[in-house]
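Here is what each chain is made of, one letter per residue.
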Amino acid sequence: MNKEFLKMQKLAGLITESQYRQLSEEETQDPEALKNAEDGLKAALNTLKSGINTIKPSPQDKELKESLALTAGLIAGAPGLINLLGKAVNGISSLFQKDAKKGTIVGNALKKWGHALEDSYLEIIGAMLIKAFPTAYEGQDVYDKTTPLYDAAHTIYAGILAAAAVTSGMGAAEAHSVIATGLEGGLEAFKSAEVVDLAKKIAAA
């Protein structure tokens, strides 16, 4: 079932927009890219866990507590944080590059495995943020959706996935729009400009 046929079915009202997107995504799934995403994301998770002690409190910790908004600039200024994120992303993208995978195939693979590993990543990212900004996030639970820590960890995770897609040949905005739909809350849960800016900074780290 090719995309042109799916598009005709959608235009004829035989399938819904959401069904069209789901079927189109399945058309662009690649078993090798899926394996790369699984292996890369699991290895990157271990990279973050083993490197957490390299993160030091940010001199902008109090500034973040007052503003309550974690920006890409604050992340980049936290000692050890952006470098660790960049190292993790490079490990993911190296597998796609080795097997010459790029574009939508990479984005869809990261979307699928990104959703599967979301909770594991949020836990370690939350711990990293508490180390970098102890005053701003003291006493917060990364799984509590009402806290700034949850929002910040969620944004960073979307940034990691988007950065891995960017370093594998996707545009930052396209990578964000593909990947965010697979995470909790969907695309509307993220501020696109912040994730895109962060993805670019992580990819360049």
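Everything numeric in this text was worked out from a predicted model, so none of it was measured. (Residues numbered from 1 in each chain as written. Predicted model: local features only at pLDDT ≥ 70, side-chain atom pairs only at ≥ 80, totals over all residues. Heavy atoms only, no water.)

Draft legend 1. Summary view of empty space enclosed by the protein. This model, assessed by the stated rule, comprises one cavity of 30 Å³ or more. As a volume, the largest cavity reaches approximately 30 Å³. Along the walls of the largest cavity sit L70, T71, A72, I75, T155, E194 and L198, which together make up its complete lining. If you list the elements that add at least two residues to the lining of the largest cavity, you get α5 (72-77) and α12 (192-204). Looking at the lining of the largest cavity residue by residue, the class counts come to four nonpolar, two polar and one charged. (1 Å grid on protein atoms, 1.4 Å probe; cavity = no way out; pocket = protein on both sides within 12 Å on 5 of 7 lines; lining within 4 Å. Points joined across faces, edges and corners; volume = space filled by probe spheres on them. Helix = DSSP H or I, 4+ residues; strand = E, 2+ residues; numbered from the N terminus. Nonpolar A, V, L, I, M, F, W, Y, C, P; charged D, E, K, R; others polar.)

Draft legend 2. Inspection of the nonpolar core at higher detail. Of all hydrophobic cores here, the largest spans 60 residues; its most connected members are L70, L81, L110, L129 and F133. Sorting elements by how many residues they give to this core places helix α10 (residues 148-166) first, with 13 residues. (Core = buried A, V, L, I, M, F, W, Y, C linked by side-chain atoms within 4.5 Å. Buried < 20%, exposed > 50% of the residue type's maximum accessible area, 1.4 Å probe, protein only.)

Draft legend 3. Highlighting the packing of α10 against helix α11 (residues 172-180). For the pair α10 and α11, interaxial distance at closest approach is 9 Å and the crossing angle is 130 degrees. It follows that α10 is oblique to α11 by the angle criterion. Taken as a pair, α10 and α11 cross one another with a handedness that is right-handed. Where α10 abuts α11, its residues L161, A162, A165 and V166 lie against A172, A175, H176 and I179. Its residues placed into classes, the contact of α10 with α11 shows seven nonpolar, one polar and no charged. (Axes fitted to C-alpha atoms, helices over the stretch in contact; angles between N-to-C directions. Parallel < 35°, antiparallel > 145°, perpendicular 65-115°, else oblique. Left-handed = near helix turned anticlockwise from the far one by under 90°. Contact = heavy atoms within 4.5 Å.)

None of the figures reported here should be taken as evidence of function without further support.
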